[in-house]
Amino acid sequence: LLRVRSPAEYQRALQIIVDEASRLGRLADQLLDLSRTDAGAVQRQLRPVSVAALLCDTVDHLQVLAEQRGLTLELVSGQCGEVPGDEFRLGMVCSNLIENAIKYSRPGGHIRVSCRPEGNRTVVEVADDGIGISAEHLPRVFDRFFRADGSRSSGGAGLGLSIAQSIIRAHHGEISLTSQPGQGTIVTVLPGTMFKVQLA
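Residues numbered from 1 in each chain as written. Predicted model: local features only at pLDDT ≥ 70, side-chain atom pairs only at ≥ 80, totals over all residues. Heavy atoms only, no water.

1. Overview of helix α4 (residues 160–170)
- For α4, the buried fraction is high: eight of the 11 residues fall into the buried class.
- Residues Leu161, Ser162, Ile163, Ala164, Gln165, Ser166, Ile167 and Ile168 constitute the buried set of α4.
- At the exit of α4 stands His172, carrying a positive phi of roughly 60°. (Buried < 20%, exposed > 50% of the residue type's maximum accessible area, 1.4 Å probe, protein only. Helix = DSSP H or I, 4+ residues; strand = E, 2+ residues; numbered from the N terminus.)

2. Examining unusual backbone geometry
- Positive phi values are uncommon outside glycine, yet His172 reaches one of about 60°.
- Structurally, His172 is set in the loop between α4 and β6 (174–180).

3. So, the pattern of salt bridges
- All told, the structure shown has four salt bridges when counted by the stated rule.
- Between Asp86 and Arg89 there is a salt bridge whose closest N-O contact spans 2.9 Å. The pair formed by Asp86 and Arg89 is uniform in burial state, with each residue classed as buried.
- Of the charged contacts in the structure, one is a salt bridge between Glu125 and Arg116, with a shortest N-O distance of 3.8 Å. (Salt bridge = Lys/Arg side-chain N within 4 Å of Asp/Glu carboxyl O.)

4. As for the sheet that holds strand β5 (residues 121–128)
- Read across the sheet, five strands follow the order β2-β4-β5-β7-β6 without closing on themselves; strand pairing throughout is mixed. Only two strands of the sheet have a single partner each, and these edge strands are β2 (72–77) and β6. Taking the axes of each pair of neighbouring strands and ignoring which way they run, one obtains an average angle of 10° across the sheet.
- Against the sheet, helix α2 (residues 51–68) engages β2, β4 (110–118) and β5, with an angle of about 170° to β2. (Pairing = 2+ DSSP bridges. Axes fitted to C-alpha atoms, helices over the stretch in contact; angles between N-to-C directions. Contact = heavy atoms within 4.5 Å.)

5. Here we look at the side chain of Ser179
- By the element assignment, Ser179 lies in strand β6.
- Only 3.1 Å separates the side chain of Ser179 from the backbone oxygen of Gly184, close enough to count as a polar contact.
- Within the local environment of Ser179, its side chain forms a polar contact with the side chain of Thr185, the two groups lying 2.8 Å apart.
- Not counting residues up to four positions away in its chain, the partners in contact with Ser179 are Gly132, Ile133, Leu138, Gly184 and Thr185. (Polar contact = N/O pair within 3.5 Å; in protein donor to acceptor, adjacent residues only side chain to side chain.)

The following block contains the structure:
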């Protein structure tokens, strides 16, 4: 607004505004969802959800973002069957975990998303070879608004892992994270009894 610009410059500026408005809208939705979960006001609609199909859709959706950042995004899916769950919120978990891996990976890096049966459970892993997290910060990675340091705090509000944990706990499951600075991070989702695989 300080000076006259070309149509192309205005278009780029408007695209930034749209992207930021969308990001803030998603953030508001996620904060509201967390508050409702804390208050016990969320009624989960549990229906059969194909974990493999959900991961495939999420990986397909985020493939362009990974390519833009010079990353390889790979899906390795076993016979995971179906689990009872809230498909929309489980999709949020998948998106948050994979977006985190993309955000904290270096150009040329590799992200591996996998799904496998383990007994009567489904195990989902998102592994990257990115910048990793130092040991002193690991205990706080699921805290709301926590961002480890300057190298990991560009963009985002520090809510992705907290939201993922909230959703997985609401599904009676577990989520954990292991990481080595400079070597990468692995996030593992181990669903609980509500997530038993329905074997054919």
